Amino acid sequence: MTVDDTTSGDGAQHSSDPSVHATPHHEVDHTAEPTDDPLAIRLEQLILGADRRYTPFQAARTAGVSMDLASRFWRAMGFADIGQAKALTEADVLALRRLSGLVEAGLLSEPMAIQVARSTGQTTARLAEWQIDSFLEGLTEPPEPGMTRTEVTYPLVELLLPELEEFLVYVWRRQLAAATGRVVQAADDEEMVDRRLAVGFADLVGFTRLTRRLEEEELGELVESFETTCADLVAAHGGRLIKTLGDEVLFAADDAGTAAEIALRLIEAMAADETMPALRVGIAFGTVTTRMGDVFGTTVNLASRLTSIAPKDAVLVDGAFAEELTRTGDAPVSEARAAEEAAAAAERAEKEGADGEPVPAPRYRFGLQPMWQRPVRGLGVVEPWLLARRGTS
């Protein structure tokens, strides 16, 4: 298919001919091309709940949407170019009507609707691939000799589909409720987008060397174990996993104490697993811009740089993060100050005796050790602090 140089508001190119289905490939194709394989068609009908009825142009016309807007919606959702094949269903028409209806009603601007389509498409595409690769593949192993995998796939999908669909909606609602709660608690409208967060990167040390030494299956198992451990620990201790990058994860937390606890737990978990390489973590605290579930800005860049210079099995934080920990009482201003406070508390306890009500010394969760100032590419000179656990948590 040929596409001319017409550019829309979302920066993409589209055909000026409404009779041509202008849906260039997304960066990654998430939707298979139409097929004539009988089992594939039966599975598609089962999953979509409808038969193929429309070409892309017919679907757009039936939905009352311009071909240009329909193409942008489909592209944003990650659907492959299917030309004018009759491969779309009533559900595709309904989806177009819903998105365009939100725009027409003024509930969403057109760029916002495109963002909704893109974020939903990217997230669910990864989810679907993940489920097929790690879940359905194992379950569809032939249960008896002589049976093919395809012979058990259809009834299996038929049983799983309604359960997985309901579970997906449940998890999405819970996540939406949590995200909405964080937004409405923001101090002002500006903070809803540009927020002060603790952002951390956790990076496996020597991963490149491992890729040359391990078999592909072993490497995949290691990455999956690493990502699972990180996801569980981040969630359990009140943080949010922003994304995984194979040998690295990016997480965020609303306060420095939560991020510090997560970072140290990650270090401890990896150190306790003999199959895992060493880990290093860098955290920064400051204003962060959030877009489509990701985080951006100088704070994120600084956290990444701190990770790259952190010693193995250690956590480096920036000055703003260290200051925030001391402000909240999670760490002492200095170890000398902490020692003075402990000595003063012991002296008061001795003077007041058994009948008094001594005031205990502050109990700090974390300790901070200043490191040498050093230049960091693109960010100037920074003074990292080494974070450690202090006492019992």
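Structural data are supplied above this passage.
The model shown is predicted, which means the values in this text are computed figures rather than measured ones.

About the thresholds
- Residues numbered from 1 in each chain as written.
- Predicted model: local features only at pLDDT ≥ 70, side-chain atom pairs only at ≥ 80, totals over all residues.
- Heavy atoms only, no water.
- Helix = DSSP H or I, 4+ residues; strand = E, 2+ residues; numbered from the N terminus.
- Expected span 1.5 Å × (residues − 1).
- Buried < 20%, exposed > 50% of the residue type's maximum accessible area, 1.4 Å probe, protein only.
- Pairing = 2+ DSSP bridges.
- Patch = residues over 30% accessible without salt bridge, like charges linked within 9 Å, V, L, I, M, F, W, Y side chains within 5 Å.
- Areas by Shrake-Rupley, 256 points an atom, 1.4 Å probe, with all protein chains shown as cover.
- Salt bridge = Lys/Arg side-chain N within 4 Å of Asp/Glu carboxyl O.
- Lys, Arg positive; Asp, Glu negative; His and termini not counted.
- Charge placed at Lys NZ, Arg CZ, Asp CG, Glu CD.
- Contact = heavy atoms within 4.5 Å.
- Polar contact = N/O pair within 3.5 Å; in protein donor to acceptor, adjacent residues only side chain to side chain.
- Core = buried A, V, L, I, M, F, W, Y, C linked by side-chain atoms within 4.5 Å.
- Arc of directions from axis to C-beta.

K.L.:
Looking at this structure, I do not really get helix α10 (residues 256-272). What am I missing?
P.N.:
Working note: α-helix, 3.6 residues per turn, so residues spaced by three or four point in the same direction. With 17 residues, α10 ought to run about 24 Å at 1.5 Å a step, and its terminal C-alpha atoms sit 24 Å apart, in line with that. Burial of α10 is extensive: 12 of the 17 residues sit out of reach of the surface. Inspection of α10 places A256, G257, T258, A259, A260, E261, I262, A263, L264, L266, I267 and M270 among the buried residues, and these make up the whole buried set.

K.L.:
In this structure, what is going on with the pairing of strand β5 (residues 248-253)? I would like to understand it.
P.N.:
Looking along a regular strand, one sees the side chains alternate between the two faces of the sheet. The element β5 is largely enclosed, with a buried count of 6 among its 6 residues. Side chains E248, L250 and A252 of β5 all project onto a buried face; the interleaved residues V249, F251 and A253 project onto the opposite face, where all are buried too. Counted between consecutive antiparallel strands, the loop separating strand β4 (residues 240-244) from β5 contains 3 residues, among which G246 sits at a positive phi close to 80°.

K.L.:
Looking at this model, I keep getting lost on a negative patch on the surface. Mind explaining?
P.N.:
The grouping of E215, E216, E217, E218, E221 and E224 at the surface amounts to a negative patch. Residue class for E218 comes out partly exposed when judged on its relative accessible area of 41%.

K.L.:
Would you explain a nonpolar patch on the surface in this entry?
P.N.:
Residues F167, Y170 and V171 make up a contiguous nonpolar surface patch of roughly 300 Å² in combined accessible area. Note on placement: F167 falls in helix α6 (residues 149-184).

K.L.:
Where do I start with the environment of Q58 in this structure?
P.N.:
Relative to the elements of secondary structure, Q58 occurs in helix α2 (residues 56-63). Residue Q58 is classed as partly exposed on the basis of its relative accessible area, which comes to 25%. Separated by 35 residues in sequence, Q58 and V93 place their C-alpha atoms 9.1 Å apart. Beyond its immediate stretch of four places on either side in the chain, Q58 contacts R53 and K86. A polar contact of 2.9 Å, which involves the side chain of Q58, links it to the backbone nitrogen of T55.

K.L.:
Would you mind showing me how to read the nonpolar core here?
P.N.:
Note on soluble globular proteins: their nonpolar side chains tend to be buried together. Membership of the largest hydrophobic core comes to 39 residues, with the highest contact counts inside it found for L279, V281, I283, V315, F321, L325 and L387. No other element matches α10, which puts 9 residues into this core. Beyond its immediate chain neighbours, meaning those up to four positions away, L279 contacts A202, D203, L204, V205, F226, L266, I267, M270, P311, K312, D313 and A314. In this structure, Y54, M77, L108 and A117 belong to the second largest nonpolar core, which totals 22 residues.

K.L.:
I keep staring at the pattern of salt bridges and nothing clicks. Help me out?
P.N.:
Pairing between side chains of opposite charge can happen when the charged atoms of each approach one another. Taken as a whole and judged by the stated rule, the model has 13 salt bridges. The partner of E324 in a salt bridge is R327, and the shortest N-O contact between them spans 2.6 Å. Residue E324 and its partner R327 are located together in helix α12 (residues 319-327), separated by 3 residues, close to a single helical turn. Residue E324 is classed as buried on the basis of its relative accessible area, which comes to 13%. Several salt bridges converge on common partners, so that one network encompasses E261, R265, E268, D330, R365 and R389.

K.L.:
For this particular structure, what's the right way to read the side chain of E227?
P.N.:
Following the sequence through the fold, E227 ends up in helix α9 (residues 216-236). Despite being buried, E227 has no salt bridge partner; R126 is the closest side chain of opposite charge, sitting 4.4 Å away. With sequence-adjacent residues up to four places away left out, E227 is seen in contact with R126, T244 and G246.

K.L.:
Is there a simple way to think about helix α11 (residues 298-309) in this case?
P.N.:
Compared with an ideal rise of 1.5 Å per residue, which puts 12 residues at 16 Å, α11 spans 17 Å between its outermost C-alpha atoms and is within 8% of the ideal. For α11, the complete set of buried residues consists of T299, V300, L302, A303, L306 and T307. Along the axis of α11, the buried residues cluster in a sector spanning 160°; they form a single face.

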